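Coordinate inspection notes
Letter by letter, the chains look like this.
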Amino acid sequence: MTEEEKKNLKVFGNYIRNILDPTYILNYMTDWFSQENIQSIQAVKTNKGVTAAATLFLECLLKFEETGWFRGFLDALHGAGYTGLLEAIQNWNFQKIEKLEKPKELLKYLHKEFRDGIHADIILPRISKCLLNQQCEEIRQAQNNAGNIAGADKLAEHLLRSDKENWPRVLKLALEAEEYEFSKLWTVEEDINGTEDVEIDDSQDEDGGMSSIQICYKEESEEQNLSENSCPLSETPEKSQYIPLKPRSYQLELASPALEGKNTIICAPTGSGKTFVALLVCESHLTNNPMGQKRKVVFLATKVPVYEQQKSVFTKHFERLGYKVTGICGETVEDVPVEHVVDSNDIIVLTPQILVNSLRSGTIRSLSVFTLMIFDECHNTNKNHPYNVLMINYLDQKLRRSAGPLPQVIGLTASVGVGDAKDKSDTIEHICQLCACLDASVISTVKKNVSDLEQVVYKPEKFFRKVPPQPVNKFKFVISKLMEKTENLIEKTFKEYGLFQGNKLENLSKIQNRVFGTQKYEQWAIDVHKKCMLLQMEDKKKERKICKELFLYTSHLRKYNDALIISEDARIQEALRYLKEFFRAAESIDETEKYLIHQFEEKLQELEAISADPANENLKLGDLTFVLDEQYHQNPETQTILFVKTRALADALKKWMEENPKLSYLKPVVLTGRGKRNQNTGMTLPSQMGVLDTFRTKGENKILIATSVADEGIDIAQCNLVILYEYVGNVIKMIQTRGRGRAKGSKCFLLSSKEEVIEKEQANLYKEKMMNDAIEEIQTWNKDIFIRKICHLQLQEKAIRDNVIVPKPQLEEKNKRLLCRKCKIFACHIADIRVVEDTHHTVIGDAFKKAFVTEPHPKPKSFGFLEKKGKIFCAESSCHHDWGIFARYKTFDVPFIKIDSFVVEDVATGAQTLYSKWKHFNFMRIPFEAREMSN
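Being a predicted model, the structure only gives us computed values, none of them experimental.

When its secondary structure is counted, the protein chain shows 35 helices and 26 strands. Scored against the burial criterion, the 935 residues of the protein chain give a buried share of 52%. Considering only contacts in the protein chain between residues 6 or more positions apart, those separated by 24 or more positions represent 72%. With the model as given, the accessible surface of the protein chain reaches about 44000 Å², and the carbon-plus-sulfur share is 49%.

Here you go:
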């Protein structure tokens, strides 16, 4: 393919995006698209729609360099039946497709009449030649599964993406043949023949605007069916009258202060429709603009799944009104300049760090570019959270009385919390502080329309179940003995090399009052692990040997501790499987490693016997089985969300349920976070969205096992059973998790073997009452007194900020080098590090090539500009520590290193430092240049 053809494909990309469903042609292009590319495109279609999937498809297409792929693309279009699009691309002439724009606009305009008056199954045989075979099948399925309206919706959807030049005329003939009244409205065929323009009845009212089109919604859930395309699109905000949403009385009460232009914290239960209230406020803000000021809204969400969800809701609603909506999160920020996105859109959905970074860099000059800021889960506005960083910027501008109007601020939350308050007075101070941070003059709650709210949101009945602890835990006994032996090896190493002298490790070797299988022990092990990495001795050879030994000892202690935590709450089989996987992956290339593996293998048979003995069954699992069995016996349609503390426990409970004859019918699915923990990467965003969609739409999956990622913000299917499995947090977390059970007759169980866990949750119930009482009291205050209080707190905080001298971060000098974090062998100097695409870090020079070895990657894949091909490891024969990946970048095969695999050493002073992320290491970042590789 020539550069000219590639340029043409970009120029005409919009036509392709608006017509092509890439999932129809991917099977024809498997020679060019990897399975991972195909899955990504399919996931985008599921989560974001066909146009987004076509956009990703086109991006991938334009990156191919292999001979013949363009011909393959054309053949795929032919094979799938895209004859119009194929002809346009072959001739680079899209005039025929352009002529279809007017009938498509008319169909959008008449969408309601079309869906109400057409039976897709009757008309489909007459127009099937204007559609693809797959499209026809999807229309039939929609008709059969969901009825006439769904079938008509699907038919309209596919006609709007049709590339067949004769479809408007064929549709006209089909309508007339079946004597549909809609045929009288479908006055478009003359235009297709080139004789007459499309005529749309735009009779004006007295004010000269188009006649109003009403959009009505019935509130059923948090998202309130806002994604349904049930109404015609207006052309632009200027050409249409105000199109009102239809809120419930309590939602109008919640929105009322914000609709008056006040900075407001809207506090309402999960499931009450806070997103709907935000839409109401946002629409009013955009449409009621007497001064003619350019309006611009930013909606902020802390978690990427929530960001995706809210972006979808805002897009589907406001694009109907002709407004431009887009979003940026950490995964997409590199794709497009932030300032361009903000300038060219009316509503921007962001994760907050994007806006923080843009303000710091000057990409966005000030918050004055926005006229409305909406903070989802606004209770997070404190300390160093990005929300608070943004609001400090806002308040500094306000208190300096800088030029430029400030945006209205709206906060959404299910609970403002109590902070560290012990009584109502302290709680009032905490809530006032939150109001000061958000510059809010009103806390809006439902007071007048409580009965209306109670018809929508049901507060689950709360139950506490105390499970007796396991009388004898034989698994813990055996693992504890192994841990004691490993601790003794640490003691021996300390004594042998005189590490107690000079307090080199701050006596961390003295293991006292530490209980195996606890979070406290985990923190101690991490502390020792880090301190051991930074151990320094005059004899560098001896230092490397000791550091490697201590690295292995502490790594094994952490794994044993993890296994004990799993065995406490799940089956012993899962804890043992966790350890076996760890030791299976361990490489016996070092005498210390061999000895530790041998220690475990000596006990493996005994551990297998313990795990297989029914007498060692975890009593907690028996109680969980009882609760689930009882609830599903009472109501077989029960939908459950089970909250757990860790990913490992979520996976363990899923496997236990699947293998339990009493519970396997529940078909559990798991939802965990996306971050990296202990070298294990979490779920990808498409995986998370896929799980949520499956649980929301398919009745066969009756239980969702989730970590804390599900307790805040994400829209989850209505559940009538919430189980907190050894899961407790603060009052905010309690309200949010309980709110997941919002169906009528819901129940919430806290199941624990620890008295202190139950006591903490009972204390949260008291704190919730204290919070509600505090809000009620604040709402009785005189308005001027409250505003003076908020202003006083803001001035107080600003005085503190102004008096704190924050030193500017100094760039690390070049006389630094990286050492392997495990064996302390020299890796490279930081002067040889180059930054690729502002994100990835590679090392130039032949010397580094000798420092690592490469092995094939277990999961090779391409992402963006990189093709991940291999893994790189420390070349030291007895170390083999994971340093990063080996990848193809453009035409170069280069290593990419991760900073958490190394110790940074100052060559001059010998001082050593650990960094968990590159952003924390403030050194001179030199961009990667191809000429250096060529040299």
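Take the nonpolar core next. Core analysis: the largest hydrophobic core is formed by 64 residues, its most contacted members being Phe475, Ile479, Leu628, Leu642, Leu653 and Tyr725. Per-element accounting of this core gives the leading share, 10 residues, to helix α25 (residues 540-569). Formed by 52 residues, the second largest nonpolar core is a distinct cluster that contains Tyr387, Met391, Val731 and Ile775.

With that settled, the discussion passes to the packing of aromatic side chains. Taken as a whole, this structure holds 32 aromatic pairs when the rule is applied. Measuring from centroid to centroid gives 6.1 Å for Phe12 and Trp92, while their planes differ by 15°, and the two rings are stacked. Taken together, the residues Phe12 in the loop between α1 (3-11) and α2 (13-19) and Trp92 in the loop between α6 (83-91) and α7 (95-98) connect sequence positions 80 residues apart. Seen from their ring centres, Phe318 and Tyr323 are 6.3 Å apart, and the 70° between their planes marks the pair as edge-to-face. Overall, Phe318 belongs to the buried group, its relative accessible area being 0%. We classify Tyr323 as buried; its relative accessible area is 10%.

As a further point, take the pairing of strand β16 (residues 816-820). Across the 5 residues that make up β16, a large majority, 4, are buried. Pairing between β16 and strand β24 (residues 902-906): 5 bridges, direction antiparallel. Directly across from Cys820, in β24, lies its bridge partner Phe902. Examined bridge by bridge, β16 and strand β17 (residues 826-829) share 3 bridges and lie antiparallel to one another. Counterpart to Arg817 in the pairing with β17 is His829. Hairpin remark: β16 followed by β17, antiparallel, with 5 residues in the connecting loop; positive phi at Lys824, about 65°.

Now for the packing of helix α16 (residues 274-287) against helix α17 (residues 304-318). As a packed pair, α16 and α17 sit with axes 11 Å apart at the nearest point and diverge in direction by 45°. The pairing of α16 with α17 is recorded here as oblique in orientation. Between α16 and α17 lies a crossing of right-handed hand. When α16 is examined against α17, the residues Thr275, Ala278, Leu279, Cys282, Glu283 and Leu286 are found in contact with a partner set consisting of Gln310, Val313, Phe314, His317 and Phe318. Split into classes, the residues belonging to the contact of α16 with α17 amount to 7 nonpolar, 3 polar and 1 charged.

Even without being glycine, Glu377 reaches a positive phi, approximately 55°. In this structure, Glu377 sits in the loop between β5 (372-376) and α20 (386-399). For Glu377, a relative accessible area of 9% corresponds to the buried category. A positive phi is found at Lys383, a non-glycine position, where the angle reads about 50°. The residue Lys383 is located in the loop between β5 and α20 in this model.

Looking now at helix α10 (residues 120-127). Residues of α10 that are buried: Ala120, Ile123, Leu124 and Ile127. For α10, the angular spread of the buried residues around the axis is 120°, confining them to a single face. Turning to α10, the residues buried within the fold contact α11 (133-146), α12 (148-159) and α13 (167-177).

Scanning all chains against the criterion turns up 46 salt bridges. A salt bridge links Asp75 to Arg71, with the shortest nitrogen-to-oxygen separation between them at 3.2 Å. Residue Asp75 and its partner Arg71 are located together in helix α5 (residues 69-80), separated by 4 residues, close to a single helical turn. Given a relative accessible area of 43%, Arg71 falls into the partly exposed group. Notably, a salt bridge pairs Glu659 with Arg571, separated by 2.8 Å at the nearest N-O pair. Remark: Arg571 occurs in the loop between α25 and α26 (572-585) and Glu659 occurs in helix α29 (residues 647-659); sequence separation between them is 88 residues.

Glancing now at the sheet that holds strand β1 (residues 264-267). Backbone hydrogen bonds hold the strands of a sheet together, and the pairing may be parallel or antiparallel. Read from one edge to the other, the open sheet built from 7 strands follows the order β3-β4-β2-β5-β6-β1-β7, with strand pairing classed as parallel. If you trace the sheet from one side to the other, it starts and ends with β3 (325-328) and β7 (442-444), each paired once. Direction aside, the axes of adjacent strands within the sheet are offset by 20° on average. Lying on the sheet, α16 is in contact with β1, β2 (297-300), β4 (347-350), β5 and β6 (408-413); it crosses β6 at an angle near 170°.

Now for the pairing of strand β13 (residues 703-706). On β13, burial covers both faces: Ile703 and Ile705 on one face and Leu704 and Ala706 on the other are all buried. Relative to β13, strand β9 (residues 640-643) is paired through 4 bridges, and the arrangement is parallel. Following the sheet pairing, Thr640 is matched in β13 by Ile703. Note: strand β10 (residues 669-671) against β13, 3 bridges, orientation parallel.

Note on placement: Ala525 falls in helix α24 (residues 519-533). C-alpha of Ala525 to C-alpha of Leu557: the two residues are 32 residues apart in sequence and 7.0 Å apart in space. Leave out the neighbours within four places in its chain, and Ala525 touches Thr554 and Arg558.

Read across the open sheet, the 3 strands follow the order β19-β18-β26; overall the sheet is mixed. With partners counted over all chains shown, the strands left at the sheet margins are β19 (840-843) and β26 (926-927), one partner each. The sheet contact formed by strand β18 (residues 833-836) and β19 spans 4 bridges and is antiparallel. Its bridge partner being in β19, Val836 is matched across the sheet by His840.

As for its position among the elements, Phe643 is in strand β9. With 81 residues separating them along the chain, Phe643 and Leu724 place their C-alpha atoms 5.0 Å apart.

What follows deals with the confidence of the model for the protein chain. In regions of low pLDDT, the predicted coordinates are not meant to be interpreted in detail. The predicted model of the protein chain has a mean per-residue pLDDT of 82, with 86% of residues at 70 or higher. Confidence drops under pLDDT 50 across residues 189-243; counting only partners more than four residues distant or on other chains, this segment forms 118 contacts.

A separate point is the state of the cysteines. Considering all chains together, one arrives at 0 disulfides under this definition. Not part of a disulfide, Cys437 finds its nearest cysteine sulfur in Cys435, a span of 9.3 Å. For Cys437, a relative accessible area of 13% gives the class buried.

The subject of this paragraph is the side chain of Asp623. Mapping Asp623 onto the fold places it in helix α28 (residues 619-634). Polar contacts involving the side chain of Asp623 include one to the side chain of Arg465, which spans 2.8 Å. Filtering out sequence-adjacent residues up to four positions away, Asp623 remains in contact with Arg465, Val467 and Leu751.

Here is what the cut-offs are and how they apply
- Residues numbered from 1 in each chain as written.
- Predicted model: local features only at pLDDT ≥ 70, side-chain atom pairs only at ≥ 80, totals over all residues.
- Heavy atoms only, no water.
- Helix = DSSP H or I, 4+ residues; strand = E, 2+ residues; numbered from the N terminus.
- Buried < 20%, exposed > 50% of the residue type's maximum accessible area, 1.4 Å probe, protein only.
- Contact = heavy atoms within 4.5 Å.
- Areas by Shrake-Rupley, 256 points an atom, 1.4 Å probe, with all protein chains shown as cover.
- Core = buried A, V, L, I, M, F, W, Y, C linked by side-chain atoms within 4.5 Å.
- Phe/Tyr/Trp six-rings, centres within 6.5 Å; stacked < 30°, edge-to-face > 60°.
- Pairing = 2+ DSSP bridges.
- Axes fitted to C-alpha atoms, helices over the stretch in contact; angles between N-to-C directions.
- Parallel < 35°, antiparallel > 145°, perpendicular 65-115°, else oblique.
- Left-handed = near helix turned anticlockwise from the far one by under 90°.
- Nonpolar A, V, L, I, M, F, W, Y, C, P; charged D, E, K, R; others polar.
- Arc of directions from axis to C-beta.
- Salt bridge = Lys/Arg side-chain N within 4 Å of Asp/Glu carboxyl O.
- pLDDT = per-residue confidence, 0-100.
- Disulfide = S-S within 2.5 Å.
- Polar contact = N/O pair within 3.5 Å; in protein donor to acceptor, adjacent residues only side chain to side chain.

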